[in-house]
Amino acid sequence: MKAARIGLICSMSPELHDVWGEEVRGPARETFSEARQILEGFGVEVIAPEGFTTSLQQARAHGRMLRNADIHVLVVYVARWSYGTSVVETALECEVPVVVWTNTDIAAVGIVGASVVRGSLDEAGVTNCLVYGDFDDPVALQELEVRCLGAAAGSRLRGQVYGLMGSRSLGMLTAAVDANQWRRQFGVEIESWDQSEIIDLAQKMPDEEVEAHLAWSHEVFGSIQVKDEVMRAAMKMYLASRRLIAERGFDFVSVRCLPETPVLFTTFCYTIALLNDSSDADGDKEAICCSCESDSNGALTMQILKHLGGAPVMFGDVRTIRLVEGEIWISNCGSQATTLAKDRSQVHWVEHGFQEFEWKLGGAAPQAVNRPGRVTLARITRQAGEHVMLITGGECLDVPHEKLGETHWDFSPHAFVRLDADPRAVARELRSNHLSLVYGDYIPHLEETCRVLDIRPIVVR
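Computed from a predicted structure; not experimentally measured.

K.L.:
Is there a simple way to think about the overall build of the chain in this case?
P.N.:
Scanning the chain for helices and strands turns up 15 helices and 21 strands. The C-alpha radius of gyration computed for the chain amounts to 24 Å, which stays within 12% of the reference 23 Å derived for 461 residues, consistent with globular compactness. Counting only C-alpha atoms, the chain reaches 80 × 50 × 45 Å along its principal axes. Out of the 461 residues in the chain, the part that is buried amounts to 59%. Restricting the contact set of the chain to residue pairs at least 6 apart, pairs at least 24 apart contribute 77%. About 17,900 Å² of surface is accessible on the chain, with carbon and sulfur atoms providing 48% of the total. Averaged over its 43 positive side-chain charges, the chain has a centre that lies 3 Å from the centre of its 64 negative ones.

K.L.:
I tried to follow helix α13 (residues 296-309) on my own but got confused; where do I start?
P.N.:
In an α-helix, one turn spans 3.6 residues, which is why side chains three or four residues apart end up on the same side. With 14 residues, α13 should cover 20 Å at 1.5 Å per step; its first-to-last C-alpha distance of 20 Å lies within 8% of that length. By the criterion of burial, α13 is predominantly enclosed, with 13 of the 14 residues buried. The N-cap of α13, judged by a side-chain oxygen 3.4 Å from the amide nitrogen of N297 a few residues on, is D295. Just downstream of α13, G310 is the residue with a positive phi angle, here 65°.

K.L.:
Looking at this structure, how should I read the packing of helix α9 (residues 207-220) against helix α10 (residues 228-248)?
P.N.:
Angle between the axes and distance between the axes are the two parameters that describe a pair of packed helices. Between α9 and α10, whose axes approach to 9 Å, the crossing angle comes to 115°. The angle between the axes of α9 and α10 places the two elements in the roughly perpendicular class. α10 is crossed by α9, and the crossing has right-handed handedness. For the pair α9 and α10, the contacting residues are D207, E209, V210, E211, H213, L214, S217 and H218 in the first and D228, M231, R232, M235, K236, Y238, L239, R242 and R243 in the second. By residue class, the composition of the contact of α9 with α10 is 6 nonpolar, 3 polar and 8 charged.

K.L.:
What should I look at first to understand the sheet that holds strand β1 (residues 5-11) in this one?
P.N.:
Working definition: the strands of a sheet are paired by backbone hydrogen bonds and lie parallel or antiparallel to each other. The sheet built from 5 strands is open, its strands ordered β2-β1-β3-β4-β5 with parallel pairing. Looking at strand neighbours, the two that pair on one side only are β2 (45-47) and β5 (128-132), the edges of this open sheet. With direction set aside, neighbouring strand axes in the sheet form an average angle of 25°. Pairing analysis gives 6 bridges linking β1 to strand β3 (residues 73-78), with the strands arranged parallel. Within β3, the residue paired with I9 across the bridge is V76. Packing against the sheet, helix α6 (residues 138-155) makes contact with β1, β3, β4 (98-102) and β5, and its axis sits at approximately 160° to β5.

K.L.:
How do you make sense of α10 when you look at a structure like this?
P.N.:
End to end, α10 covers 30 Å across 21 residues, agreeing with the expected 30 Å (1.5 Å per residue, within 8%). At the exit of α10 stands G249, carrying a positive phi of roughly 70°.

K.L.:
Looking at this model, I keep getting lost on the packing of α13 against helix α15 (residues 443-453). Mind explaining?
P.N.:
Running from N to C, α13 and α15 point in directions that differ by 125°, and their axes come no closer than 11 Å. In this view, α13 runs oblique relative to α15, as classed from their interaxial angle. Note on packing geometry: the crossing formed by α13 with α15 is right-handed. Facing I304, L305 and L308 of α13, the residues of α15 in contact are H445, L446, T449 and L453. For the contact of α13 with α15, the per-class residue count stands at 5 nonpolar, 2 polar and no charged.

K.L.:
Could you clarify how one ought to interpret the pairing of strand β7 (residues 189-193) in this entry?
P.N.:
Sheet faces and side chains relate simply in a regular strand, where the side chains alternate between the two faces. Pairing of strand β6 (residues 161-165) with β7 involves 5 bridges; the strand directions are parallel. Following the sheet pairing, V161 is matched in β7 by E189. Between β6 and its parallel partner β7, the chain crosses via helix α7 (residues 179-186), and the hand of that crossover is right-handed.

K.L.:
Could you clarify how one ought to interpret the sheet that holds strand β9 (residues 252-254) in this entry?
P.N.:
Reading across the sheet, the 4 strands line up as β7-β6-β9-β12 and stay open at both edges, with parallel pairing between neighbours. Edge positions in the sheet fall to β7 and β12 (290-291), since each has one partner strand and no second. The strands touched by α10 within the sheet are β7 and β9, with β7 carrying the most contacts at an inclination of about 140°.

Thresholds applied
- Residues numbered from 1 in each chain as written.
- Predicted model: local features only at pLDDT ≥ 70, side-chain atom pairs only at ≥ 80, totals over all residues.
- Heavy atoms only, no water.
- Helix = DSSP H or I, 4+ residues; strand = E, 2+ residues; numbered from the N terminus.
- Rg over C-alpha atoms; globule rule 2.2 N^0.38 Å.
- Buried < 20%, exposed > 50% of the residue type's maximum accessible area, 1.4 Å probe, protein only.
- Contact = heavy atoms within 4.5 Å.
- Areas by Shrake-Rupley, 256 points an atom, 1.4 Å probe, with all protein chains shown as cover.
- Lys, Arg positive; Asp, Glu negative; His and termini not counted.
- Charge placed at Lys NZ, Arg CZ, Asp CG, Glu CD.
- Expected span 1.5 Å × (residues − 1).
- Polar contact = N/O pair within 3.5 Å; in protein donor to acceptor, adjacent residues only side chain to side chain.
- Axes fitted to C-alpha atoms, helices over the stretch in contact; angles between N-to-C directions.
- Parallel < 35°, antiparallel > 145°, perpendicular 65-115°, else oblique.
- Left-handed = near helix turned anticlockwise from the far one by under 90°.
- Nonpolar A, V, L, I, M, F, W, Y, C, P; charged D, E, K, R; others polar.
- Pairing = 2+ DSSP bridges.
- Right-handed = clockwise from strand over helix to strand, strands pointing away.

It is worth stressing that arrangement in space is one thing and function is another; only the former is reported here.
Structure (structure tokens):
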């Protein structure tokens with residue numbers, strides 16, 4: 001996934017720039033350069049205009065330049081006394097969240113300028129925050145990283161297109177959303193696609209393209225315990241979905257799948273797994289977040305987590321919460337990114353576990369256990385129209401493959417997570433059967449994401 005784009009300006013009042021000499025501009029220029037290096041150390045792309053941002057005319061020009069570069073967050077480094085008016089002009093042109101940053105140097109009076117800038121942005125209705133601390137202050141730099149990456153995870157949703165397949169599935173009110181609310185609050189456009197057109201296109205996919213994927217699957221996965229006929233059908237669904245997503249410019253999607261597709265063709269399990277993966281038989285690719293059961297709130301949660309982690313995200317059911325052990329077990333009925341396992345050689349494609357359908361061909365599900373590591377869990381839902389996000393953390397456990405037999409052997413992909421928080425407290429805040437997981441510790445980042453997106457965070461620590 002491409003890195004977040006951070007715009008950077010160094011603000012200075014016109015009087016200081018035009019009247020004061022190099023004894024002021026020189027140190028400010030050095031701090032501007034160092035500020036850029038620090039931001040680049042966060043793994044982001046930094047875009048900055050030449051020179052200081054001083055007059056209103058210059059501020060507008062810098063803002064237009066940064067807007068055209070499609071930045072996700074604007075960092076305003078206040079090296080000396082600054083005018084709030086010029087910074088507001090830049091921010092209004094950029095239309096992104098703003099992070100105001102200054103140092104503790106008494107002679108530079110940066111906090112004086114920064115507080116004026118911050119308050120001016122508030123007056124103008126621009127979402128912003130203030131970070132106070134020097135380049136060697138680890139607390140300030142950690143806050144800066146959280147503010148920038150957390151805000152970017154939210155603001156980069158704007159302009160994205162979500163592909164919603166079908167209508168509400170299996171009576172899940174928690175999966176349904178208001179398209180106009182999404183457009184207004186998140187800047188996301190919802191477009192529809194239909195599983196009937198995927199099935200129709202899948203049946204027309206060239207055999208040679210499918211055979212290449214089948215050969216690759218036999219090579220990289222631990223085993224394939226279903227008929228090649230079933231795998232070919234699953235791969236045709238994937239290739240058809242991949243093509244339509246590219247043609248229609250979808251940034252993230254959901255599929256409906258149950259209860260129709262088993263009796264019409266096959267399930268979307270292989271499709272969801274490989275869309276969410278960062279590579280397939282054709283090589284490396286960007287992971288496309290895909291939820292099942294037309295779960296729009298689940299897909300939105302996944303996309304935000306992807307923006308933070310830059311890697312595949314798990315989507316699954318809360319299978320059980322072990323109160324004594326303090327664990328939560330998450331599984332899906334048949335799909336998740338195969339690269340979430342320790343290795344693809346530990347992924348086994350098995351017959352789908354649902355027996356209540358009259359299958360036309362059968363289904364294939366990736367049987368696997370998530371690799372161990374630090375994880376963040378999250379889920380967006382609504383309470384009477386207000387978006388909330390459940391956020392908690394834990395540790396994915398290293399457990400043997402055989403442990404899958406303790407839940408449902410054919411409910412194949414599993415994550416066994418030891419929670420940081422009281423498991424009863426987590427259970428009390430569940431508002432959906434679906435929960436998502438990404439590797440890494442992103443709780444503070446998600447709190448910032450919620451702030452810029454006007455989502456109420458529910459953090460269970």
